[in-house]
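The residues making up each chain are set out below.
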Amino acid sequence: MNLKNIVIVLDHPDESRNIGAACRAMANNDIKELRIVGKKSDYDLEHIHVLAIHAGPIFDSARFYNSIKEATTDCTVCAGTTRRSGKKRGKLLLPEEFADQMSSVTEEGAKIAVVFGNERTGLTDEQLDQCTAGITIPSSNDFGSLNLSHAVQIICYHLFRKKLSERQGGYKGVNPVTLERIDQTVQNITDDMQKIGFFKMPGREDMENFWRSVLSRAAITESEAKYLEKTFSKMAGLSQKKKNMIE
């Protein structure tokens, strides 16, 4: 995924502050190219920069166009975002599906445009006709409308995450230990619990099952497993020391 080849297009956005917030969402995800269908004179530059914070340069370098078609002539794919399905709207991709499909396209040097409609109306059928693909962001049936900047953030985030997943040595989440390692930790914990007289032998199996279930659901890491073992080992040691002092 080459994020430099991602183009965000806002079609006649109503609210200047939403443009600024969209710029910030783009910057959060290393996407820098903004195009706006509309006139620059229609927007309050101060309001834009207040919401954009340090992402103001994205707006300052944005280009303005008269139509979606004009704004995306140099792009290979033009994907319109919509929450409404319909015969004229074709197959709609989820954000993660779109990111997967577009990754190789951007790596080959082609530009990919993602188009967002007006805050009140979204993209009309006529505007979607100017697009070559569709993306939908699932949301509540009771309150399905997303703020413009939130929609931009969601799409940009999925593209950014695709980039990270492909990058060698990129960001990785935690690496949970295996059940075999959890069983070892549970064994150490219950050994120490038994040393301090926490339970008699008949109750040990239930305690082991409890700890195994809790620790597996928590997806603990190796460092967390070791920390738990050291904690219980120290507890058992202090208990034995106190017992020796009494005797």
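What this report covers is the structure whose coordinates are included nearby. (Residues numbered from 1 in each chain as written. Predicted model: local features only at pLDDT ≥ 70, side-chain atom pairs only at ≥ 80, totals over all residues. Heavy atoms only, no water.)

## Some points on the overall build of the protein chain
When helices and strands are tallied, the protein chain shows 10 helices and 7 strands. Scaling as 2.2 N^0.38, a compact globule of 247 residues should have a C-alpha radius of gyration of about 18 Å, whereas the protein chain reaches 27 Å, well beyond that. Here the C-alpha coordinates of the protein chain stretch approximately 90 × 40 × 40 Å along the principal axes. Burial statistics for the protein chain: of 247 residues in total, 42% are counted as buried. In the protein chain, of all internal contacts separated by at least 6 residues, the share reaching a separation of at least 24 is 81%. With the model as given, the accessible surface of the protein chain reaches about 14,500 Å², and the carbon-plus-sulfur share is 51%. Taking the 34 positively charged and 33 negatively charged side chains of the protein chain as two groups, their mean positions are separated by 4 Å. (Helix = DSSP H or I, 4+ residues; strand = E, 2+ residues; numbered from the N terminus. Rg over C-alpha atoms; globule rule 2.2 N^0.38 Å. Buried < 20%, exposed > 50% of the residue type's maximum accessible area, 1.4 Å probe, protein only. Contact = heavy atoms within 4.5 Å. Areas by Shrake-Rupley, 256 points an atom, 1.4 Å probe, with all protein chains shown as cover. Lys, Arg positive; Asp, Glu negative; His and termini not counted. Charge placed at Lys NZ, Arg CZ, Asp CG, Glu CD.)

## Observations regarding the nonpolar core
Ile8, Leu10, Leu34, Phe98, Phe116, Val152 and Leu159 are the most contacted members of the largest nonpolar core, which has 41 residues in total. The element that contributes the greatest number of residues to this core is helix α7 (residues 148-166), accounting for 8 residues. If we ignore the near neighbours within four places in the chain, the residues touching phenylalanine 98 are Ala79, Leu93, Ile112, Val114, Ile135 and Leu159. Residues Val7, Ala113, Val115 and Leu123 belong to the second largest nonpolar core, which totals 13 residues. (Core = buried A, V, L, I, M, F, W, Y, C linked by side-chain atoms within 4.5 Å.)

## Quick look at the sheet that holds strand β2 (residues 33-37)
Reading across the sheet, the 7 strands line up as β3-β2-β1-β6-β4-β7-β5 and stay open at both edges, with parallel pairing between neighbours. The two strands at the open ends of the sheet, each matched to only one other strand, are β3 (63-65) and β5 (92-93). Pairing of β5 with strand β7 (residues 133-135) involves 2 bridges; the strand directions are parallel. Bridge pairing links leucine 92 to glycine 134 in β7. Strand contacts of helix α5 (residues 95-107): β1 (6-11), β4 (75-81), β5, β6 (111-116) and β7, with the helix running at about 150° to β6, the strand carrying the most contacts. This element, α7, spans β1, β4, β6 and β7 of the sheet and lies at about 155° to β6. (Pairing = 2+ DSSP bridges. Axes fitted to C-alpha atoms, helices over the stretch in contact; angles between N-to-C directions.)

## Digging into the pattern of salt bridges
Counted by the stated rule, this structure contains 15 salt bridges. Residues arginine 204 and aspartate 191 are paired through a salt bridge, measuring 2.5 Å at the closest nitrogen-oxygen approach. On the criterion of sequence distance, the pair formed by arginine 204 in helix α9 (residues 204-218) and aspartate 191 in helix α8 (residues 179-195) is long-range, its members being 13 residues apart. Given a relative accessible area of 10%, arginine 204 falls into the buried group. In this structure aspartate 191 comes out as partly exposed when scored by relative accessible area, which is 27%. One connected set of salt bridges, linked through shared partners, spans Glu33, Arg35, Arg63, Asp74 and Lys111. (Salt bridge = Lys/Arg side-chain N within 4 Å of Asp/Glu carboxyl O.)

## What about the packing of helix α1 (residues 16-28) against α7?
Direction vectors running N to C along α1 and α7 enclose 15°, while the axes themselves pass 8 Å from each other. With respect to each other, α1 and α7 are oriented roughly parallel. Classified by chirality, the crossing of α7 by α1 is right-handed. Contacts between α1 and α7 involve Asn18, Ala21, Ala22, Ala25, Met26 and Asn28 from the first element and Leu148, Ser149, Val152, Gln153 and Cys156 from the second. Class assignment for the residues of the contact of α1 with α7 results in 7 nonpolar, 4 polar and no charged. (Parallel < 35°, antiparallel > 145°, perpendicular 65-115°, else oblique. Left-handed = near helix turned anticlockwise from the far one by under 90°. Nonpolar A, V, L, I, M, F, W, Y, C, P; charged D, E, K, R; others polar.)

## Concerning α9
Owing to its 3.6 residues per turn, the α-helix brings residues three or four apart onto one side. Taking 1.5 Å of rise per residue, the 15 residues of α9 would be expected to cover 21 Å, and the 21 Å separating its terminal C-alpha atoms lies within 8% of that figure. Residues of α9 that are buried: Arg204, Met207, Trp211 and Leu215. The buried side chains of α9 occupy one side of the element, clustering within an arc of 65° when seen end-on. Exposed positions of α9 whose direction lies more than 90 degrees from the buried face are Glu205, Asp206 and Arg217. Looking at the buried positions of α9, the neighbouring elements they touch are α8 and α10 (222-246). With its phi angle positive at about 50°, alanine 219 sits one or two positions after the end of α9. (Expected span 1.5 Å × (residues − 1). Arc of directions from axis to C-beta.)

## Some points on unusual backbone geometry
Unlike most non-glycine residues, aspartate 30 shows phi in positive territory, near 60°. The backbone of alanine 219 shows a phi angle near 50°, a positive value even though the residue is not glycine. Position of alanine 219 among the secondary structure elements: in the loop between α9 and α10. Of the residues examined, alanine 219 reaches a relative accessible area of 30% and is grouped as partly exposed.

Function cannot be inferred from these measures alone, as they are strictly geometric.
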